[in-house]
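# Commentary on secondary and tertiary structure
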Amino acid sequence: MVIKRNILLNPGPATTTDTVKMAQVVPDICPREKEFAGLMKGLRSDLLKVVHAPEDQYTSVLFCGSGTINIDICINSLVPEGKKILVVNNGAYNTRAVEVCQMYHIPHIDLKFSVFEQPDLKQVEQTLKANPDIAVVYCCHHETGTGILNPIREIGALAHQYGAIFISDTTSSLGMIPLDVVKDNVDFCMASAQKGLMAMSGLSFIIGKTDIIKASKNYPTRSYYCNLYLQYEYFEKTGEMHFTPPVQTIYATIQALKEYFEEGEEAKFARHRAVYEAIHAGLDKLGLETVIDRNIESGLVVSVKYPDNPNWSFEKVHDYCYERGFTIYPGKISTTNTFRLCALGKIYPKDIEDFFVVFKEALEKTQ
Ligand SMILES: *Cc1c(COP(=O)(O)O)cnc(C)c1O
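Fair warning: this is a prediction, and the values are worked out from it, not measured in the lab.

Take the layout of surface pockets next. Taken as a whole, the largest pocket holds about 290 Å³ of empty space. Taken together, 16 residues make up the lining of the largest pocket; nearest its centre are Lys41, Arg44, Glu55, Thr59 and Glu236. Listing elements by their share of the lining of the largest pocket, those giving two or more residues are helix H2 (34-50), strand S2 (58-64) and helix H8 (228-238). Looking at the lining of the largest pocket residue by residue, the class counts come to six nonpolar, six polar and four charged.

See below:
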């Protein structure tokens, strides 16, 4: 069977291998069978290895849903009664965390920074000092909206210094940028299978400190379906998800993890980096400008300014590229017109060179 290979330059779901796609085609199985629980056990343990989390301190908990479910679960489950969460906010995905706090009426501080810069650590520290009731600090690792990489190791260290736990949304960095939860001072991180692991959408997971999850048993319960302790407890008792798991995505993720370990953490990081360099090289050649200082870019997402041409149409250029197997993605910065080119997925610098041939044609033909 030949499956058309599309080059996805959007920030996930990403281009996958055929072996990952085909791993979903398996005999029908009831996910309450021991065989399936065994698969999830191995998967949970492999996820810990991706972020170098020691098994005796950390656990991983699986959920059926897109990546945002992790943000919802971490925030609604991990803030104790009478305490606050501090969201270190320099972009759209941190703003999503603030919106979750608002929906659940969880006391929070929205510490806002420019979306074009990394957060100022001095202000983070001042806020922690002035608010001893902050029990949780939250910050996105790679702010996918702009492409900025945030200094989570430093933010985590500050959180710990002031007696708070640290949650990082690592959805768009996990499995691509090496992460060591112990060294990086991360108590909870998260991702979903369709991003850095290059599997399919529908499976999300939280990796975090087991003792904190156990303590959260006594925290206010703000959701029935999305509660971290309940899902953890169910896994520990039965080896299963509380409710129906995304069966096919789990098969795909197991294959994707196998391929992740085969490629290797450093080699994969270097490949994404090379794709990112190829994106910048292609843009430079066309004279297109980017909006974020390269020194603070993650190396995974590039925000590109719309060309200064009255005939530019993102739609038309998108459609031209899409018809030829390349997907470009709109921007997420409210004050500037941008689009994004991303280095996720099983793609190579050669794919980016091929993309720029088509993209250049699109610019010429649509303007
Ligand atoms: C993709 C992403 C999410 C999850 O988005 P979904 O659309 O729910 O999958 C969360 N945080 C970050 C930083 C992301 O890049």
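Next up on the list: the site of the ligand. Taken together, 14 residues form the shell around the ligand, and within it Ser66, Thr68, Thr144, Asp169 and Lys195 come nearest. Contacts to the ligand include threonine 68, whose side-chain N or O atom sits 2.5 Å from an oxygen atom. Arginine 96 has a polar side-chain atom sitting 3.5 Å from an oxygen atom of the ligand. In isolation the ligand offers 390 Å² of accessible surface; the protein chains occlude 86% of this area. Looking at the shell around the ligand, its residues break down into three nonpolar, eight polar and three charged.

To continue, consider the domain arrangement of the protein chain. Here the protein chain is described as being made up of domain 1 (29-261) and domain 2 (264-366). Computed over C-alpha atoms, the centres of domain 1 and domain 2 are 28 Å apart. Counting from both sides, the interface comprises 28 residues of domain 1 and, opposite them, 23 residues of domain 2. A combined buried area of about 2100 Å² lies between domain 1 and domain 2, and 65% of that area is made up of carbon and sulfur atoms. The three residues of domain 1 that bury the most area against domain 2 are Phe116, Met176 and Met198, which together make up 29% of that side's buried surface. Linking domain 1 to domain 2 there are zero salt bridges. The tally of links between domain 1 and domain 2 comes to 10 residue pairs in polar contact (both at pLDDT 80 or more).

Looking now at empty space enclosed by the protein. Considering all chains together, one arrives at three cavities of 30 Å³ or more under this definition. If you go around the largest cavity, the residues you meet are Phe63, Cys64, Tyr225, Gln231, Met241, Phe243 and Thr244. Estimated volume of the second largest cavity: approximately 40 Å³. If you go around the second largest cavity, the residues you meet are Val50, Val51, Gly175, Met176, Ile177, Pro178, Leu179, Tyr260 and Glu265. Considered class by class, the residues forming the lining of the second largest cavity number seven nonpolar, one polar and one charged.

In spatial order, the strands read S11-S14-S13; together these three strands make up an open sheet with antiparallel pairing. A strand with exactly one partner marks an edge of an open sheet, and here the two such strands are strand S11 (301-305) and strand S13 (329-330). In this structure, S11 lies alongside strand S14 (residues 338-342), joined through five bridges in antiparallel fashion. Residue pairing in the sheet places valine 302 in a bridge with leucine 341 of S14.

Calculation rules
- Residues numbered from 1 in each chain as written.
- Predicted model: local features only at pLDDT ≥ 70, side-chain atom pairs only at ≥ 80, totals over all residues.
- Heavy atoms only, no water.
- 1 Å grid on protein atoms, 1.4 Å probe; cavity = no way out; pocket = protein on both sides within 12 Å on 5 of 7 lines; lining within 4 Å.
- Points joined across faces, edges and corners; volume = space filled by probe spheres on them.
- Helix = DSSP H or I, 4+ residues; strand = E, 2+ residues; numbered from the N terminus.
- Nonpolar A, V, L, I, M, F, W, Y, C, P; charged D, E, K, R; others polar.
- Near = heavy atom within 4 Å.
- Polar contact = N/O pair within 3.5 Å; in protein donor to acceptor, adjacent residues only side chain to side chain.
- Areas by Shrake-Rupley, 256 points an atom, 1.4 Å probe, with all protein chains shown as cover.
- Domains from an automatic or database assignment.
- Contact = heavy atoms within 4.5 Å.
- Buried area = accessible area lost by both parts, 1.4 Å probe.
- Salt bridge = Lys/Arg side-chain N within 4 Å of Asp/Glu carboxyl O.
- Pairing = 2+ DSSP bridges.

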